[in-house]
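Each chain, letter by letter, is given below.
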Amino acid sequence: MNALDDVIDSLSRLPGIGKKSASRIAHFLLKNDRSVCERLCRDISVLHDSIHPCRVCGSYTEDDLCSVCSDPGRDRQIVCVVEQPQDVQTIEAVREYTGLFHVLGGVIAPLEGIGPDQLRLSELISRIQEGEIHEVILATNPTVEGDTTALYIQRILKGRNVTVTRLASGLPVGGDLEYADRLTLARSFRGRSSF
Ligand SMILES: [Zn+2]
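Residues numbered from 1 in each chain as written. Predicted model: local features only at pLDDT ≥ 70, side-chain atom pairs only at ≥ 80, totals over all residues. Heavy atoms only, no water.

**Q** Any chance you could explain the overall build of the chain here in plain terms?
**A** A count of helical and extended segments in the chain gives eight helices and seven strands. Along the longest, intermediate and shortest principal axes, the C-alpha atoms of the chain span 60 × 35 × 35 Å. When each of the 195 residues of the chain is scored for burial, the buried share is 39%. Contacts in the chain between residues far apart in sequence, at least 24 positions, make up 54% of those at least 6 positions apart. Element-wise, carbon and sulfur atoms account for 52% of the exposed surface of the chain, whose accessible area totals about 11800 Å². One finds the centroid of the 22 positive side-chain charges in the chain at a distance of 4 Å from the centroid of its 27 negative side-chain charges. (Helix = DSSP H or I, 4+ residues; strand = E, 2+ residues; numbered from the N terminus. Buried < 20%, exposed > 50% of the residue type's maximum accessible area, 1.4 Å probe, protein only. Contact = heavy atoms within 4.5 Å. Areas by Shrake-Rupley, 256 points an atom, 1.4 Å probe, with all protein chains shown as cover. Lys, Arg positive; Asp, Glu negative; His and termini not counted. Charge placed at Lys NZ, Arg CZ, Asp CG, Glu CD.)

**Q** What's the story with the packing of aromatic side chains in this structure? I'm lost.
**A** The description of an aromatic ring pair uses the distance of the two centres, along with the angle that the planes make with each other. The tally for this structure, following the rule as stated, stands at two aromatic pairs. When the ring of Tyr97 is compared with that of Phe101, the centres are 5.2 Å apart and the planes differ by 65 degrees; the resulting orientation is edge-to-face. There is no split in this pair, since Tyr97 and Phe101 are both buried. Among the aromatic side chains, those forming a connected cluster through ring pairs are Tyr97, Phe101 and Phe189. (Phe/Tyr/Trp six-rings, centres within 6.5 Å; stacked < 30°, edge-to-face > 60°.)

**Q** Help me understand the sheet that holds strand β5 (residues 135–138), please; the structure alone is not making it clear to me.
**A** In sheet architecture, strand pairing relies on hydrogen bonds along the backbone and comes in two forms, parallel and antiparallel. The strand order across the open sheet formed by five strands is β4-β3-β5-β6-β7, and the pairing between neighbours is mixed. The sheet is open, and its two borders are formed by β4 (99–103) and β7 (193–194), each paired with just one other strand. The pairing of β5 with strand β6 (residues 163–166) spans four bridges and is classified as parallel. Considered in β6, the bridge of Val136 is made with Val164. The strands that helix α7 (residues 144–157) touches are β3 (75–82), β5 and β6; relative to β6, the one it contacts most, it runs at about 170 degrees. (Pairing = 2+ DSSP bridges. Axes fitted to C-alpha atoms, helices over the stretch in contact; angles between N-to-C directions.)

**Q** Can you help me understand the side chain of Ser59 in this one?
**A** Inspection of the secondary structure assignment puts Ser59 in the loop between β1 (52–53) and β2 (60–61). Other than its neighbours up to four places away in sequence, Ser59 contacts His52, Pro53, Cys54, Pro85, Val88 and Val103.

**Q** It is not clear to me how the coordination of the zinc ion should be interpreted in this structure. Could you clarify?
**A** Think of it this way: four donors in a tetrahedron around the metal ideally sit 109.5 degrees apart, and six in an octahedron ideally sit 90 or 180 degrees apart. Distances from the zinc ion to its protein donors, namely Cys54 (SG), Cys57 (SG), Cys66 (SG) and Cys69 (SG), fall within the range 2.3 Å. Each of the four donor atoms around the zinc ion contributes to a set of angles spanning 103 to 117 degrees, which defines the coordination as tetrahedral. Spacing between the donor residues of the zinc ion along their common chain follows C-x2-C-x8-C-x2-C. Look at Cys66 and you get buried, because its relative accessible area is 4%. (Donors = N, O, S within 2.8 Å, 3.2 Å for Na, K, Ca; no water. Tetrahedral: all angles 85-135°; square planar, octahedral: opposite > 155°, others 65-115°.)

**Q** Would you take a moment to explain the nonpolar core for this structure?
**A** Soluble globular proteins tend to pack their nonpolar side chains together in the buried interior. Core analysis: the biggest nonpolar cluster contains 39 residues, and Cys80, Val81, Ile91, Tyr97, Val136, Ile153 and Leu157 have the highest contact counts within it. Elements supplying a minimum of two residues to this core: β3, α5 (85–94), β4, α6 (121–129), β5, α7 and α8 (182–190). Here this core takes five residues from β3, the largest share from any one element. (Core = buried A, V, L, I, M, F, W, Y, C linked by side-chain atoms within 4.5 Å.)

**Q** Would you explain helix α2 (residues 19–31) in this entry?
**A** Residues spaced three or four apart along an α-helix point in a common direction, a consequence of the helix completing one turn every 3.6 residues. Between the first and last C-alpha of α2 there are 18 Å, a value that for 13 residues agrees with the 18 Å anticipated at 1.5 Å per step. Inspection of α2 places Ala22, Ala26 and Leu29 among the buried residues, and these make up the whole buried set. Across the axial projection of α2, the buried residues extend over an arc of 60 degrees, all falling on one side. Within α2, the exposed residues directed more than 90 degrees away from the buried face are Lys20, Arg24 and Lys31. Each element contacted by the buried residues of α2 is listed here: α1 (3–11) and α3 (34–45). (Expected span 1.5 Å × (residues − 1). Arc of directions from axis to C-beta.)

See below:
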């Protein structure tokens, strides 16, 4: 293995990048000015130091609070519960939703040893106990684990004086939110139903 093989090997470990794409990227980097490599290395190397979870919602931010939580224009009565920080980005890109978010950090997946305790559920309960939240939208992915997690959350929120809704169907079953097209996602927000 030479240095080029090492780069191809590292790149091919990234999600969605196969050996062929990895090779294409590595050759692109080698062919171009070294500043392209240097910039990429610099950006990646500071990622863990610069970005951390928002104190309130768990989404990624460089500050104490993320741009949504710190925005006074957001509707503080609605919280959209998602699996991962990237789901926040997906929903924000649609520009349909104006409430707040809560990132679980995963889904209940017994086979992978992930139970409710590993998700940010106590943080969600605490936010609801503050009393301002009227509606909780469950926007976990339409997968078995996503549905199981949504049902679990619905159960623990019973009797807490909040309306619980689930995104309308039309989202690709078994898929991830990030693969839904914008129109479908916007429509599923407008057509959400109580759960
Ligand atoms: Zn936040």
